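Here are the chains, one letter per residue:
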Amino acid sequence: MEFIIISMLNGVSYGLLLFLLSSGLTLIFSMMGVLNFAHASFYMLGAYIGYTIAQLVGFWPGLFVAPLVVGALGALFERLTLRKVHKFGHVPELLVTFGLSYIILELVQLIWGRTAVEFVPPEVLRGPAFTLVHHANDTLEMFWGAVGSEVCAGAGVICSPFPATRAFMMLVAVLMLVALWLLLTRTRIGLIIQAALTHPEMVESLGHNVPRVLMLVFGAGTGLAGLAGVIGGSTFVTEPNMAATVGSVIFVVVVVGGMGSLSGAFLASLLIGVIQTFAVGLDYSFIHLVEQLGVQASDAMRENSVLKLTLSQVAPILPYLFLVLILIFRPKGLLGTREG
């Protein structure tokens, strides 16, 4: 029970980080039709800018200022570069954002170096949000915050703290989901943004500047990536390879959930986060499964290198396997409706 609870919480927190990232990419694609290949690079940029601001004035100002700075840089990029190639189709857009990702990577390495920086969360987030205590008699208790060492010193007692940084990540992701939904469905700004996608001439005739609306949408999407960068960088590690680590996974999330579907991205993020987290914690192979079913494995099977692979060893490829299956059986994604 303890393993299930902790793994589920870790999976949900990782999934919500993926949603923080993929929501910006989904917003940009659903409103502009642009698949931003540099989205993970804006995530990395948010982490480094948040780290720099945190060194000067503290973590909380960095949490608010860094996404604004990243969003402004994203809007500037859309205004000066992406808008000029938009008329030539999706391939030039993809190539120019691909080039931008390498430019950001080189700039980050020039300014902050090639090694990881120490981006520590604030004092209030450094301890556990709560601690699960599993006693020898199979009872499970939950204590808010940390517990004393004397509680965990008993025979057969296992203490499993859940980091406050992960709990904070989950809270921010949920609040951001609600805020985005309210903005797009319950405000005049959201109606203008959605109308600018489907009926740009009508929106322009009503006096709205459609290019400026799209620029603000792109800036908002990259700003969300910057917000995810500040939280992810302080929770995990801030280093130049962090964009490559999550870059491909967020595209998996967007495709699996459905291109342009915010609710689909949320569902896919949770599924991928939970599946991958449970897979990492399960050290079982196909041979072990066969023996659990009462079948005696032969010596040839035991020596087979593929059959000896454990679930934890193949966990990194599970999201991409999920992607292949979705593209085969449901090309629109779990909740997607967009054709192309």
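Sequence order as written defines the numbering, with residues in each chain counted from 1. For a predicted model such as this one, the threshold for reporting local features is a pLDDT of at least 70, and the threshold for listing and counting side-chain atom pairs is 80 or more; totals across whole chains, interfaces and linings nevertheless cover every residue. With hydrogens and water stripped out, all remaining heavy atoms of the structure feed into the side-chain values.

**Points about the confidence of the model for the protein**
Alright, step 1. What pLDDT reports is the predictor's confidence in each residue, on a scale of 0 through 100. Mean pLDDT over the protein works out to 85, with 97% of the residues at or above the 70 mark.
Alright, step 2. Only DSSP runs of H or I reaching four residues or more are called helices, and only runs of E reaching two or more are called strands; each is numbered from the N terminus. Summarising per-element confidence for the protein, the mean pLDDT is lowest in helix H5 (residues 149–152) (71) and highest in helix H2 (residues 39–57) (95).

**Describing the packing of aromatic side chains**
Alright, step 1. Put simply, two rings from Phe, Tyr or Trp (the six-membered ring, in Trp's case) pair if the centres are within 6.5 Å, and we call them stacked under 30 degrees between planes, edge-to-face over 60, tilted for the rest. Counted according to the given criterion, the structure contains 11 aromatic pairs.
Alright, step 2. Consider the rings of Tyr-48 and Trp-112, whose centres lie 5.0 Å apart with planes at 35°: the pair is tilted. Pair noted here: Tyr-48 is in helix H2 and Trp-112 is in helix H4 (residues 90–112), with a separation of 64 residues, a long-range link.
Alright, step 3. Aromatic rings pair up to connect Tyr-51, Phe-59, Trp-60, Phe-119 and Phe-168 into one cluster.

**Overview of the environment of Phe-236**
Alright, step 1. Residue position: Phe-236 is located in the loop between helix H9 (210–235) and helix H10 (242–257).
Alright, step 2. Using a relative accessible area of 38% as the deciding quantity, one classes Phe-236 as partly exposed.
Alright, step 3. Considering only alpha carbons, one finds Phe-236 and Met-176, 60 residues apart in sequence, at a separation of 20 Å.
Alright, step 4. Residues count as neighbours in contact if any of their non-hydrogen atoms are within 4.5 Å of one another. Ignoring any residue separated from it by four or fewer positions in sequence, one finds Phe-236 in contact with Leu-17, Arg-166 and Met-169. Whether a residue is buried, partly exposed or exposed follows from its accessible area with a 1.4 Å probe, protein chains only, as a fraction of its type maximum: under 20%, in between, or over 50%, in that order.

**Notes on the sheet that holds strand S2 (residues 140–144)**
Alright, step 1. DSSP-based pairing: two strands are paired if at least 2 bridges between them are found. Taken in spatial order, the three strands make up an open sheet running S2-S1-S3, and their pairing is antiparallel. Strands with a single pairing partner mark the edges of an open sheet, and in this sheet they are S2 and strand S3 (158–163). On average, each strand axis in the sheet is tilted by 20° relative to the strand beside it, whichever way the strands run.
Alright, step 2. With five bridges joining them, strand S1 (residues 128–134) and S2 adopt antiparallel strand pairing. Opposite Val-133, over in S2, you have Glu-141 as the bridge partner. Axis lines are fitted through C-alpha atoms, for helices just across the contact stretch, and the angle between N-to-C directions can take any value from 0 to 180 degrees.

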